[in-house]
Amino acid sequence: MQLKHLFFTLFGFIALNCQSQEKQHVCPFEKQITITHDRCGYVDVPNNWDAKKDGTTKIAYIVIASKSENRKDDPLVFIQGGPGGSVLPYANVFSGLALDPDRDFIMYDQRGIGFSNEICPNLSASFLEVMTADLSLDNEDETLLSISSECMKSLNDPNFKTAFGTAQSAKDLEALRQHLGYKQLNLFGGSYGTRLGLKYMELYPNSIRASILSGLFPLEIRLYENIYTNLNRSLEKLFDTCENDENCSNKYPNLKKDFEAICAQLDSKGQSFMIDGDELVINKQDFLLLIQQLLYDRQTIAQVPSFIMAFKTNDSQSVIQSIQAFASRLGVINVATYWSVNVKDEGAFKNKRFIAKDEKKHPSLAKGISLFASDPEVIKLWPSENNSNTKMSVVVSDIPTLLVSGAWDPITPPSNAEKAAKSLKNSSHVIFPTDGHCPMNSCFFQMAVSFLNNPMAQVDDSCTKSSSPIVFN
């Protein structure tokens, strides 16, 4: 079915409603930044840091300067997740992450993304159609490779020289720091941005004053090794919490059994829903992906029981709302860059074996999580420029680091941060008990500012203890 209009309508609405009315500084980008800022432009970096003779690519950035009388010389730089997540096209939204008014705030797009010489920009919009088609997991693999064929052809062109991988991106960030003239940076990374932040800490420790890393994805942890285990952990937390919550248990007395029954039903036949006169079919792997994405955020965690019941009652509206939320998240990710980075970070490992082994531990979730489960097959065949694989080892550092986790996180559980903390000598790990992936709330902002002001002080996480319980819809 044709769902591209839903994606573009949603993002057009976000862009129109977030525009600043103030006079804008003109940037050398194809599309203008619609938020007030003080400096913008490009820094030229090698296409391939392993072969600097292969020309250059551009890294786009903007800087929002602190107007405070107490302005500090060390800025905060936001490192987006993904990999493949864009920032500058949505600078209106991401500017809200300027945690400390006393510090300049830097936003930039990593190589191959957004305003930084984006590769295969239209590929992401096709993914929603794959997910909502009536395809088995094996057929999803074939279809993803098919719709990616033109992109793969362009990346295989001898004239295309851009290399990818977390090590390449870490060197880009150092080039950006030097270009902007800052002596040291404070890092703020989320999800994959924590992996990139850790690699930067490993390569350029003297360039960093402090780091805030949320939703930890350390280099030594494999992306596909525990993908079912991580989702199952969050689901079990959901079922236990609902069972012990009077309102939830009264409304959804058999939530876990209903979930397992729906999985079994969708395993044999997809369920059809209508949107704008078009049919979309949700199979088991699509259902699990949507559940996983709902578990990312505190607000949508509250909707998971009603979403599960929507399949039992064939409630199209609830399902469509969840698909719209997923479309907005998918739209920020450039999937060509996502795969190109993962080839260099994860491609050397036995990913299909990891997934198969983890799947056996959780038979109710077997046969995949749409798109994620297809990754190993895709990255096995994805074009790879002749640069070295990323060194994926434990990062040892004494840089002051605040590690942040959400107890409900279905993709980067708190145990990831606990592992990373063992080799980060001056780190503190804070867990938000009622949040999912990369918690963003007033408590976090308060804690982050306090940490930036005095990174070596003991972190006061008392505000996490007073977080209100999730109220299930």
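Since the structure is predicted, the reported quantities are computational estimates derived from the model, not experimental observations. (Residues numbered from 1 in each chain as written. Predicted model: local features only at pLDDT ≥ 70, side-chain atom pairs only at ≥ 80, totals over all residues. Heavy atoms only, no water.)

1. Observations regarding the environment of Val332
What counts here: To qualify as a helix, a DSSP run of H or I must reach at least 4 residues; to qualify as a strand, a run of E must reach at least 2; elements of each kind are numbered from the N terminus. Exposure classes here rest on a 1.4 Å probe applied to the protein chains alone. A residue is buried below 20% of its type maximum, exposed above 50%, and partly exposed in between.
Counting through the fold element by element, Val332 comes out in helix 14 (residues 316-332). Under the relative-accessibility criterion, Val332 is labelled buried at 16%. Sequence separation between Val332 and Asn441 is 109 residues, and the spatial gap between their C-alpha atoms is 21 Å.

2. Remarks on unusual backbone geometry
That bond from Gly82 to Pro83 is cis: its omega, -5°, falls within 30 degrees of zero. Here Pro83 is to be found in the loop between strand 3 (76-79) and helix 2 (91-94). Here Asn117, not a glycine, exhibits a phi torsion of approximately 50°, which is positive. Positionally, Asn117 belongs in the loop between strand 4 (105-108) and helix 3 (124-131). For Asn117, a relative accessible area of 40% corresponds to the partly exposed category. Phi angles above zero are rare outside glycine, and Cys438 is one such case at about 50°.

3. Quick word on the state of the cysteines
Our working rule: To count as a disulfide, a pair of cysteine sulfur atoms needs to be within 2.5 Å.
Here the structure, examined in full by the defined rule, presents 4 disulfides. Across a sulfur-sulfur distance of 1.9 Å, Cys443 and Cys463 are joined as a disulfide pair. Looking along the S-S bond of the Cys443-Cys463 disulfide, the torsion reads about 70°, which is the right-handed sense. Linking Cys443 in helix 19 (residues 442-453) with Cys463 in the segment after helix 19, this pair joins segments that are 20 residues apart in sequence.

4. Remarks on the packing of helix 8 (residues 227-243) against helix 10 (residues 255-268)
What counts, and what does not: Here an axis means a line fitted to C-alpha atoms, over the contact stretch when the element is a helix, while the angle between two N-to-C directions is reported on a 0 to 180 degree scale. Should an angle fall under 35 degrees it is called roughly parallel, over 145 degrees roughly antiparallel, and 65 to 115 degrees roughly perpendicular, with every other angle called oblique. Only heavy atoms enter the contact rule, under which two residues are in contact if any of them lie within 4.5 Å. Polarity classes work like this: nonpolar for Ala, Val, Leu, Ile, Met, Phe, Trp, Tyr, Cys and Pro, charged for Asp, Glu, Lys and Arg, and polar for all others, with Gly in that last group.
Running from amino to carboxyl end, helix 8 crosses helix 10 at an angle of 140°, the nearest separation of the two axes being 9 Å. In terms of axis orientation, helix 8 runs oblique to helix 10. When helix 8 is examined against helix 10, the residues Leu235, Glu236, Leu238, Phe239 and Cys242 are found in contact with a partner set consisting of Leu255, Lys256 and Phe259. Within the contact of helix 8 with helix 10, the residues separate by chemical class into 6 nonpolar, no polar and 2 charged.

5. Description of the sheet that holds strand 4
Selection criterion: Here the rule is simple: two strands pair whenever DSSP picks up at least two bridges between them.
The sheet built from 8 strands is open, its strands ordered 1-2-4-3-5-6-9-10 with mixed pairing. The sheet is open, and its two edges are formed by strand 1 (39-46) and strand 10 (427-432), each paired on a single side. Ignoring which end each strand starts from, the neighbouring axes of this sheet average 20° apart. Examined bridge by bridge, strand 3 and strand 5 (residues 185-190) share 4 bridges and lie parallel to one another. Directly across from Val77, in strand 5, lies its bridge partner Leu187. This element, helix 18 (residues 414-421), spans strand 9 (401-406) and strand 10 of the sheet and lies at about 170° to strand 10.

Bear in mind that shape data such as this cannot, by itself, settle questions of function.
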